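Observations on the model geometry
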Amino acid sequence: MVTRSGARIIASTCAVILSLVLTACGSSNPAGPSATAVTAATPPASPTATTPTVTGLLPASLAPSLTDQTILVAGSNFRPGLSALLTKSTGDTSTFSGTAIKNLTETSFELDVMVPDAGTYSLSVTNPASLPSPPVTLTAAPATSPRPAVVGISPGTPTQGTASQKIYVGGSQFHPGLTVELTGPGGTSTVGGGNVQNVTATTFQVVVTLAEAGSWSLRVVNPGSQASEPFAFTVRAVETPARPTVTGVSPSSLTMSTALQPIYVAGTNFQSGLSVTVTLPNGTTTTVGPSAITFGSSTVFQTMVTLTQSGSYSLRVVNPDGQTSEPWAFTVNALDPPVRPAVTGLSPSSPTMSTAPQPIYVAGTNLQSGLSVTVTLPNGTTTTVGPSAITFGSSTVFQTMVTLAQSGSYSLRVVNPGGQTSEPWTFTVKAPDVPRPVISSVSPIASGSPTRSSVAQLLTVRGTGFQSTLTAVLTSPSGATATFAGSAIQAASSTLFQIYAVLSEVGSYSLRVSNPSGPASEASSFTVIAADSAVPVVIGLSPRSPVQGTASQTVMVAGGNFAPGLTVALTLPNGSTTTLSPSQVQNVTATLFQIVVSFATSGNYSLRVTTPAGASAPWSFAVQPGS
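Right, let's walk through the structure included here. As the structure is a computational prediction, the values presented were derived from the model and not from experiment.

Cut-offs applied
Residues numbered from 1 in each chain as written. Predicted model: local features only at pLDDT ≥ 70, side-chain atom pairs only at ≥ 80, totals over all residues. Heavy atoms only, no water. Helix = DSSP H or I, 4+ residues; strand = E, 2+ residues; numbered from the N terminus. Rg over C-alpha atoms; globule rule 2.2 N^0.38 Å. Buried < 20%, exposed > 50% of the residue type's maximum accessible area, 1.4 Å probe, protein only. Contact = heavy atoms within 4.5 Å. Areas by Shrake-Rupley, 256 points an atom, 1.4 Å probe, with all protein chains shown as cover. Lys, Arg positive; Asp, Glu negative; His and termini not counted. Charge placed at Lys NZ, Arg CZ, Asp CG, Glu CD. Phe/Tyr/Trp six-rings, centres within 6.5 Å; stacked < 30°, edge-to-face > 60°. Salt bridge = Lys/Arg side-chain N within 4 Å of Asp/Glu carboxyl O. Core = buried A, V, L, I, M, F, W, Y, C linked by side-chain atoms within 4.5 Å. Pairing = 2+ DSSP bridges.

**Digging into the overall build of the protein chain**
Of regular secondary structure, the protein chain possesses one helix and 50 strands. Against the 2.2 N^0.38 benchmark of 25 Å for 627 residues, the protein chain shows a C-alpha radius of gyration of 33 Å, more extended than a compact globule. With the C-alpha coordinates aligned to their principal axes, the bounding extent of the protein chain is approximately 105 × 80 × 35 Å. Across the 627 residues of the protein chain, 37% fall into the buried class. Within the protein chain, contacts between residues separated by at least 24 positions form 65% of all contacts whose residues are at least 6 apart in sequence. About 29600 Å² of surface is accessible on the protein chain, with carbon and sulfur atoms providing 54% of the total. Distance from the positive charge centre (20 side chains) to the negative charge centre (18 side chains) of the protein chain: 6 Å.

**Looking at the packing of aromatic side chains**
Summed over all chains, the structure comprises 11 aromatic pairs. Here phenylalanine 466 and phenylalanine 497 contribute two aromatic rings whose centre-to-centre distance is 5.1 Å and whose plane-to-plane angle is 75°, an arrangement assigned as edge-to-face. Here phenylalanine 466, found in the loop between strand 36 (457-464) and strand 37 (471-475), pairs with phenylalanine 497, found in strand 39 (residues 496-501); they are 31 residues apart in sequence, far enough to count as distant. Classification of phenylalanine 497 as buried rests on a relative accessible area of 0%. Here phenylalanine 562 and phenylalanine 593 contribute two aromatic rings whose centre-to-centre distance is 4.9 Å and whose plane-to-plane angle is 75°, an arrangement assigned as edge-to-face. In this pair, phenylalanine 562 is assigned in the loop between strand 43 (549-560) and strand 44 (567-571) and phenylalanine 593 in strand 47 (residues 592-599), connecting sequence segments 31 residues apart. What links up through ring pairs into an aromatic cluster is the set Phe599, Tyr605 and Phe621.

**Topic: the pattern of salt bridges**
On inspection of all chains with the given rule, the structure shows eight salt bridges. With a closest N to O distance of 3.3 Å, arginine 219 and glutamate 181 form a salt bridge. Note that arginine 219 is positioned in strand 16 (residues 214-221) and glutamate 181 in strand 12 (residues 179-184), a separation of 38 residues in sequence. Judged by its relative accessible area of 28%, glutamate 181 is partly exposed.

**Let's talk about the nonpolar core**
Soluble globular proteins tend to pack their nonpolar side chains together in the buried interior. Ranked by size, the top nonpolar core spans 22 residues in total, and within it Val73, Phe96, Phe109, Leu111, Leu123 and Val125 carry the most contacts. When contributions to this core are tallied by element, the ones reaching two or more residues are strand 2 (53-58), strand 4 (69-76), strand 5 (83-88), strand 7 (108-113), strand 8 (119-126) and strand 9 (136-140). With near-sequence residues (within four places) excluded, phenylalanine 109 lies in contact with Ile71, Leu72, Val73, Phe78, Leu82, Ile101, Lys102, Asn103, Leu104 and Val125.

**Topic: the side chain of threonine 400**
Tracing the backbone through its elements, the reader meets threonine 400 in strand 32 (residues 397-402). In contact with threonine 400, other than residues within four places in its own chain, are Gln358, Pro359, Ile360, Val362, Val385, Ala389 and Ile390.

**Quick notes on the pairing of strand 50 (residues 619-623)**
Of the two faces of strand 50, the one holding Trp619, Phe621 and Val623 is buried and the one holding Ser620 and Ala622 is not buried anywhere. Looking at chain direction, strand 48 (residues 603-611) and strand 50 are connected through five bridges and run antiparallel. Looking across to strand 50, one finds that leucine 607 is bridged to tryptophan 619.

**Examining the environment of threonine 183**
Position of threonine 183 among the secondary structure elements: in strand 12. Along the chain, threonine 183 and asparagine 366 lie 183 residues apart, while their C-alpha atoms are 65 Å from each other. For threonine 183, the contacting residues outside a window of four places in its chain are Thr188, Ser215, Trp216 and Ser217.

**Some details on the sheet that holds strand 42 (residues 537-542)**
Strand order in the open sheet made by the four strands is 42-43-47-46, with antiparallel pairing throughout. Here the strands that pair on one side only, and so sit at the sheet edges, are strand 42 and strand 46 (585-586).

**Overview of the environment of lysine 430**
Looking at the secondary structure, you find lysine 430 in the loop between strand 34 (425-429) and strand 35 (438-444). A residue is classified by how much of its surface remains accessible, and lysine 430, at 45% relative accessible area, is partly exposed. Counting along the chain gives 77 residues from lysine 430 to methionine 353, while the straight-line C-alpha distance between them is 5.8 Å. Setting aside chain neighbours within four positions, we find lysine 430 in contact with Ser350, Pro351, Thr352, Met353 and Ser407.

Written out as structure tokens, the structure is:
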């Protein structure tokens, strides 16, 4: 899996309060949510954690390439801090977050993706603390025509306006210097020069003025006059802003306090950047600005207010365009006498031991903002988790970050700011499961069984559960062992690693893998067969993957049984084969020689060495595209 910069964000637990918003908006359960409903292993979702929707990729098809290509992801409900997951049909994944997400808006963003192989990929988007969007398909297929093609634009339906606006165009075969023929109700115009920006082979941006609503089309014309088919789209008329309405607040009846407290407001036609005007029982008003408001969507937001009086209040929502809702009345109750908090459950109910802080969700009753938690460890010592490590959700749920470095029986007490303390809640911390590594195959880099040789051969070990600091022990048919660790373990991942081993005996070898902790794998056996010792063997190139270019470059070939006068046959990506001249083969020793060659095209090559004793197996390698 490939990850591009990003950070994992722990979801807010304020979804419990969102359920109260829905209650105020007409739920059939006036008693509110049950306190025990949050003891499930999945933390409640925040009302602001809107699941994104992906409606399309521009383009939806790319040519396979070892370099990044830009795509535009179009949809809705995209939020800052989102991440994108690109999955190949083989199961390989790449994750994009942070600065890898470019030009983010609520309805689109750009990604630079690499699709090295033809096939089908899928892409899904996850907002902070949200569920991932349903995946959409991205196809990697070789380009078949030099003619440009437009497959979509974003926004898909632009809005009429006299000001310039930027349209993202997706497709294929776009060339620098292209122009755009734009046809609308008033005629056709050509857009080019500085108004065509950020051109890649698959996307560009064009700055246009769409002064009339109706049917439009655009054609892309490359500098060589190759033109795309017209792409039709609709420009919608400017809509009159709708007036916001308030349908409920949660909690519907609040308690007076000198501290700020959250109110969740439900309704319609809310706009980001809104403000709230609150009328107090004495008739005075106060305005809550955007900085104290967490905007969720057009139907819900959270505002932080100080309610120091009991009695009847009302609030109005004011959108940035000046549209104002009718007042919504609600009641603030006088303070109740302090009550003792109670813990009714934890999630997870039995956490796993770890030296890193981990989130624990605590459910109960009479929980207060600013509370602390006292944790008693299995050895009897206690530690206190203060408010800075606690995310308060409501009077029935909060999240705390704790380090559970021992396994065994723990207990915790909740202490409210007023000093009221809960009874201890006992829970068990279990030791982590240690997976056992499994070897599925051991094979040489070339196909077939390994052959006996006094030259080290590259073996590829595949399986599951491998750790980067593993140790491998190789046992020969005679019982001799060789241990590989540290830098001797190459290209390590959880499913594969490579070692260079001298297989000097014919017969059955076995390999066993041990991770730093936990049990070792079962022994995996493979057979080394006899081979003519004079036949040349290729085990690697340096550089391993040369770069395309018309100039000659020197490549070192490593292996064994090389002899003066050897010949080298090079198979090109198009399938043709050429034999290098004697002047191109230099400095031959038994284990090394150099070739001087130019790689005019990128792609997959292979090399075969022939001496009077025979020919080596072909050695495959890739030539990277030049810059």
